[in-house]
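Take a look at the letters that make up each chain.
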Amino acid sequence: MRKWIIGSLLLLIALGIYWRTRPKKSPLAESYIGDANVILWSSTAAVRQEVAQLHWGEAVEVFGHNGAQVEIRTAQGATGWIDSRSLLDADAWQSEKHLLESVQRMPLQAAGHTKVFSNVHLTPRRDAQRIYQLPGGVPVAVVARAYAEIPPSGSGSATGDSPKKEDWLLVYGPAPAAAKDAGGVVSGEVTLTPAAVSTDLATGTTAAQRQAASTGEKTPPIAGWVVARFVSYDLPETIRDYASSAAIRPVAWFVLNRVPDAGVQRPQFLLAGSKSGENPECDFSMLRVYTWDAKKQRYETAYVEGNLCGMLPIRIGQQSSGSDPEFRFKERRDGATEDALYRMRQTTVRRVREGAPSKKPTSRKRH
């Protein structure tokens, strides 16, 4: 009996030494969690236990694959299995970091919110890497637009058919408060970490905020391309009413300046948009400037221009000679691209061309 006990102890010691000195299984790759919440399961079996809950941006090590399931280990040492679609590889994660840093240096063009659950991609294609899925009601800032082909379905398209295309928007969210006015650059407010986003970044309508709150979770800072029809623009009431009456589909809008009126600073707006059926290769085809008439206590259309092929971004600034606003963008004309510059003095807007006389401003139109 004594010999049996001693032998058992020696065996246990030997097993312990082997366990500590055994070759460690090397990870196949480093990846990152690409969803808001992911459950780490003990196995791939139908009957399994929850090991941990993982969140967007957490770094994990990948050890193996079993169909669509991936075996991982967290930074805390927990091991288990998750769906492979919930992972971003290291290249995709770095691309997302660079994209988020880039969009924060781009001028804001519009503010909106997601209508429904919306996939965010690294490039404007449905078959591109999906980096996140935004729930409905998340406020987003719009900085660019693209018109991209829809990948053919499995059955393929008929020979000779033109490829179908759709609108995409480059967005980031949760949107900063400056997205309400657009035309600015907000740098450093958002960083790519899994930390909670402060509530003062929200800028959507009350309904959008209620929608976002109903998800029960805070959205991490995200940048990427979203199908345009999944985003609803949160236009100021003035622009919304004018755009609706003129059948304009808004693309971008800006507060050019503010004018005093009985102690209140009234914003004056620039709206860029297009109408249904116009050349979709152009980001916008028309401009409107709305100014405040203090005597009549209403907004009026101070400038109208159509037949454009304007490209985002529109940049807002001030004239070097004073505080009057100006705006500029690229325009396609006769197969070439040229700079378009506009200057505003009080309620008068003129287009300025190098080497050419200024365009005569349009007459004020009442609404």
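Residues numbered from 1 in each chain as written. Predicted model: local features only at pLDDT ≥ 70, side-chain atom pairs only at ≥ 80, totals over all residues. Heavy atoms only, no water.

**Describing the sheet that holds strand β21 (residues 336–345)**
Next up, step 1: Read from one edge of the open sheet, 4 strands run β19-β20-β21-β22, paired in antiparallel fashion. Looking along the sheet, the strands with just one partner apiece sit at the ends: β19 (310–318) and β22 (348–352). Neighbour-to-neighbour, the strand axes of this sheet turn through a mean angle of 25 degrees, independent of strand direction.
Next up, step 2: Where strand β20 (residues 325–333) meets β21, 8 bridges bridge the pair, whose relative direction is antiparallel. Counted as the bridge partner of R328 is L341 from β21. (Pairing = 2+ DSSP bridges. Helix = DSSP H or I, 4+ residues; strand = E, 2+ residues; numbered from the N terminus. Axes fitted to C-alpha atoms, helices over the stretch in contact; angles between N-to-C directions.)

**Regarding the state of the cysteines**
Linking two cysteines covalently via their sulfur atoms produces the bond known as a disulfide.
Next up, step 1: Evaluation of the coordinates by the stated rule reveals 1 disulfide.
Next up, step 2: Here C282 is linked by a disulfide to C309, with a sulfur-sulfur distance of 2.0 Å. Between C282 and C309, the S-S torsion sits near -95 degrees, and that sign places the bridge as left-handed. Taken as a pair, C282 in the loop between β16 (264–274) and β17 (286–293) and C309 in the loop between β18 (298–305) and β19 lie far apart in primary sequence, 27 residues in all.
Next up, step 3: On the basis of relative accessible area, C282 is assigned to the buried category, the value being 7%. (Disulfide = S-S within 2.5 Å. Buried < 20%, exposed > 50% of the residue type's maximum accessible area, 1.4 Å probe, protein only.)

**Observations concerning the layout of surface pockets**
Next up, step 1: Considered as a void within the structure, the second largest pocket measures approximately 260 Å³ in volume.
Next up, step 2: Considering the residues around the second largest pocket, the lining is formed by 13 residues, among which A228, V231, Y233, R249 and P250 are closest to the centre.
Next up, step 3: Contributing elements (two or more residues each) for the lining of the second largest pocket: β12 (165–173), β14 (231–233) and β15 (249–261).
Next up, step 4: Across the lining of the second largest pocket, the residue classes tally to 8 nonpolar, 1 polar and 4 charged. (1 Å grid on protein atoms, 1.4 Å probe; cavity = no way out; pocket = protein on both sides within 12 Å on 5 of 7 lines; lining within 4 Å. Points joined across faces, edges and corners; volume = space filled by probe spheres on them. Nonpolar A, V, L, I, M, F, W, Y, C, P; charged D, E, K, R; others polar.)

**Quick look at helix α2 (residues 90–103)**
Next up, step 1: An ideal rise of 1.5 Å per residue puts 20 Å on 14 residues; α2 measures up with 20 Å between its terminal C-alpha atoms.
Next up, step 2: Those residues of α2 lying buried are A92, W93, E96, L99, L100 and V103. Projected down its long axis, α2 shows its buried positions confined to an angular sector of 125 degrees, all on one face.
Next up, step 3: The elements touched by buried residues of α2 are β1 (29–33), β7 (87–89), β10 (130–134), β11 (139–149), β12 and β13 (222–227).
Next up, step 4: The N-cap of α2, judged by a side-chain oxygen 3.2 Å from the amide nitrogen of D91 a few residues on, is D89. (Expected span 1.5 Å × (residues − 1). Arc of directions from axis to C-beta. Contact = heavy atoms within 4.5 Å. Polar contact = N/O pair within 3.5 Å; in protein donor to acceptor, adjacent residues only side chain to side chain.)

**Comments concerning the pairing of β17**
Next up, step 1: Most of β17 sits out of view: 8 of its 8 residues are buried.
Next up, step 2: Alternating residues of β17 divide into M286, R288, Y290 and W292 and L287, V289, T291 and D293, and every residue in both groups is buried.
Next up, step 3: Relative to β17, β16 is paired through 5 bridges, and the arrangement is antiparallel. Within the sheet, the bridge partner assigned to L270 lies in β17 and is V289.
Next up, step 4: Relative to β18, β17 is paired through 7 bridges, and the arrangement is antiparallel. Paired with L287 across the two strands is E305, which belongs to β18.

**Re the sheet that holds β18**
Next up, step 1: Taken in spatial order, the 4 strands make up an open sheet running β15-β16-β17-β18, and their pairing is antiparallel. The sheet terminates laterally at β15 and β18, the two strands that pair on one side only. The mean inter-strand angle of the sheet, taken between neighbouring strand axes irrespective of direction, is 20 degrees.
Next up, step 2: Relative to β16, β15 is paired through 11 bridges, and the arrangement is antiparallel. Of the residues in β16, the one forming a bridge with F254 is L270.

**Considerations on the pattern of salt bridges**
Next up, step 1: Applying the stated criterion across every chain, the model contains 22 salt bridges.
Next up, step 2: The partner of E166 in a salt bridge is R229, and the shortest N-O contact between them spans 3.5 Å. Highlighted residues: E166 in strand β12 and R229 in the loop between β13 and β14, separated in sequence by 63 residues.
Next up, step 3: Classification of R229 by relative accessible area gives partly exposed; the value is 48%.
Next up, step 4: One salt bridge connects D261 with R266, and the closest N-O pair in it is separated by 3.5 Å.
Next up, step 5: The class of D261 is buried, set by a relative accessible area of 10%.
Next up, step 6: Residue classification places R266 among the partly exposed residues on the basis of a relative accessible area of 26%.
Next up, step 7: What emerges from the salt-bridge pattern is a single network uniting E305, E331, R333, E338 and R351. (Salt bridge = Lys/Arg side-chain N within 4 Å of Asp/Glu carboxyl O.)

**Some remarks on the nonpolar core**
Next up, step 1: Counting 52 residues, the largest nonpolar core has V103, Y132, Y172, Y233 and W253 as its most contacted members.
Next up, step 2: In terms of residue count, β11 provides more of this core than any other element does, 7 residues in total.
Next up, step 3: The next biggest cluster of nonpolar side chains, apart from the first, holds 19 residues, and it includes L256, A272, F284 and A340. (Core = buried A, V, L, I, M, F, W, Y, C linked by side-chain atoms within 4.5 Å.)

**Topic: the packing of aromatic side chains**
Next up, step 1: Taken as a whole and assessed by the stated rule, the structure comprises 11 aromatic pairs.
Next up, step 2: Taken together, a centroid distance of 5.8 Å and an interplanar angle of 45 degrees make the contact between F269 and Y299 tilted. One end of the pair, F269, is in strand β16; the other, Y299, is in strand β18, with 30 residues separating them in the sequence. Comparing F269 with Y299, the two get one shared label, buried.
Next up, step 3: Ring centres 5.0 Å apart and planes at 65 degrees place the aromatic pair W292 and Y299 in the edge-to-face group.
Next up, step 4: Given a relative accessible area of 10%, Y299 falls into the buried group.
Next up, step 5: Aromatic rings pair up to connect F284, Y303, F327, F329 and Y342 into one cluster. (Phe/Tyr/Trp six-rings, centres within 6.5 Å; stacked < 30°, edge-to-face > 60°.)

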